[in-house]
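Here is how the chains run, residue by residue.
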Amino acid sequence: MEYEYWLACIQGISVQKKIFLKECMKTAEAIYYIEETQLQKFEFLNEQERNKIIQAKRSGSVSSDYQAMCEKGIRFIPYFSPDYPARLKEIPDYPYALYVKGNLPDARAKKVAVIGARRCTPYGEKYAVDFAKALAGCGVEIISGMARGIDGMGHRGALMAGGRTYAVLGSGADVCYPREHIGLYVDILEQGGGILSEQPPGTAPLRHHFPARNRIISGLSDVVLVMEAGRKSGSLITVDMALEQGRDVYALPGPVNSSLSDGCNRLIRQGAGLLLSPEELLEEWGIKSEGFARDGEKKVKNQKMLESAEKLVYSCLGLNPKNADQIVRETKLCVREVMELLVSLELQGYIREISKNYYVISR
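Source: prediction; values computed, not measured.

About the criteria used
- Residues numbered from 1 in each chain as written.
- Predicted model: local features only at pLDDT ≥ 70, side-chain atom pairs only at ≥ 80, totals over all residues.
- Heavy atoms only, no water.
- Buried < 20%, exposed > 50% of the residue type's maximum accessible area, 1.4 Å probe, protein only.
- Helix = DSSP H or I, 4+ residues; strand = E, 2+ residues; numbered from the N terminus.
- Pairing = 2+ DSSP bridges.
- Right-handed = clockwise from strand over helix to strand, strands pointing away.
- Salt bridge = Lys/Arg side-chain N within 4 Å of Asp/Glu carboxyl O.
- Core = buried A, V, L, I, M, F, W, Y, C linked by side-chain atoms within 4.5 Å.
- Contact = heavy atoms within 4.5 Å.

**Things to note about the pairing of strand 4 (residues 141-144)**
Then step 1. Burial of strand 4 is two-sided: the residues E141 and I143 facing one way and the residues I142 and S144 facing the other way are all buried.
Then step 2. Bridging between strand 3 (residues 111-116) and strand 4 involves 3 bridges; their strand directions are parallel. Paired with A113 across the bridge in strand 4 is I143.
Then step 3. A crossover connection joins strand 3 to the parallel strand 4 through helix 8 (residues 122-137); in handedness this β-α-β unit is right-handed.
Then step 4. With 3 bridges joining them, strand 4 and strand 5 (residues 165-168) adopt parallel strand pairing. Its bridge partner being in strand 5, I142 is matched across the sheet by T165.
Then step 5. Read from strand 4 through helix 9 (residues 150-160) to strand 5, the crossover connection turns out right-handed.

Right under this line is the structure:
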């Protein structure tokens with residue numbers, strides 16, 4: 001397997017050419033020991049690609065490089081391995097190999113990608129968590145890219161439900177990106193999920209890796225859920241890939257005046273499935289859902305636990321941020337009293353301050 005690892009790590013040669021070269025030479029080991037004159041005979045390789053193979057032969061030790069990967073707790077799963085996800089093998093540009101920390105998605109489970117804007121609003125953040133939590137609580141596995149915003153919230157929602165979630169990175173599987181998600185990275189692994197990449201261990205999160213990794217997110221999934229996306233969002237690239245792969249796409253409708261919902265609203269107009277509630281989605285898939293209250297039901301329950309003045313302030317808030325001055329005008333309470341009530345509600349976990357004096361209800 002060391003020579004397969006060596007071949008997989010060569011950058012700048014397409015998967016199709018690597019596979020064709022191996023078919024010609026029978027094994028990756030034979031490619032490693034090929035003479036330079038013989039390599040010239042393969043006309044499907046250009047000069048630059050031949051030089052990459054020659055350079056790879058001269059750099060490092062095949063055995064020690066493979067051993068170093070194993071010592072990091074990373075599994076190497078080439079396309080011909082019985083462990084390679086069958087769903088991924090269906091797409092035309094599947095990766096030559098996957099590098100995996102933890103587990104791979106369960107072939108028997110329903111798998112859903114949760115994607116969307118990095119700079120998401122509280123609205124998108126809330127519903128990414130709510131949908132992922134509800135779906136994961138019913139055994140659906142959540143797949144995303146561990147990016148800031150919607151991706152991270154999708155993973156977190158799955159973890160909150162005790163479910164499994166899988167992050168596909170644009171860096172090596174041993175490189176946590178973004179770095180502030182190291183806690184999420186660890187939690188995914190501790191809860192039985194996995195960290196996946198087609199990039200060799202140690203690879204930095206280079207910009208051009210991310211569009212490529214998106215095809216893996218959709219390729220591993222049965223369904224793609226777009227929770228929030230602008231008109232030119234990178235998430236729409238994933239949607240295009242998903243549609244080319246024959247995956248179903250759903251989008252969360254958003255406020256017509258929100259630029260971060262423009263992409264979702266347009267997807268719905270073009271025929272994407274409409275996300276109204278996780279319960280309806282589970283029902284559509286024939287999966288029984290229990291124990292998930294709708295937002296209105298949860299809000300009524302919360303309000304019953306509050307004092308009348310707190311309830312008045314709480315009822316002014318929603319998913320869209322509202323500043324303290326607006327709350328003062330709507331409640332007709334004095335500024336000091338409103339600020340005290342906001343602090344009290346925040347300490348009890350009912351609301352949160354997302355920027356200076358701007359508040360939203362908590363999930």
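Moving on, there is more to tell.
**A word on the pattern of salt bridges**
Pairing is possible between side chains that carry opposite charge, provided their charged atoms lie close to one another.
Then step 1. By the definition in use, this model includes 19 salt bridges.
Then step 2. When the shortest N-O distance is used, the salt bridge between D262 and R231 registers 2.8 Å. Placement of the pair is D262 in helix 13 (residues 262-269) and R231 in the loop between strand 7 (223-228) and helix 12 (235-244), with a sequence separation of 31 residues.
Then step 3. Between K322 and E330 there is a salt bridge; the shortest N-O distance is 3.3 Å.
Then step 4. Its relative accessible area of 42% is what places E330 among the partly exposed residues.
Then step 5. Beyond isolated ion pairs, a larger network of salt bridges with shared partners links R87, E90, D222 and R247.

**Examining the nonpolar core**
Then step 1. The biggest cluster of nonpolar side chains holds 57 residues, and the ones touching the most others in it are W6, I53, F76, Y96 and V226.
Then step 2. Here W6 is in contact with A28, I31, Y32, I53, A56, K57 and V62, once residues within four sequence places are set aside.

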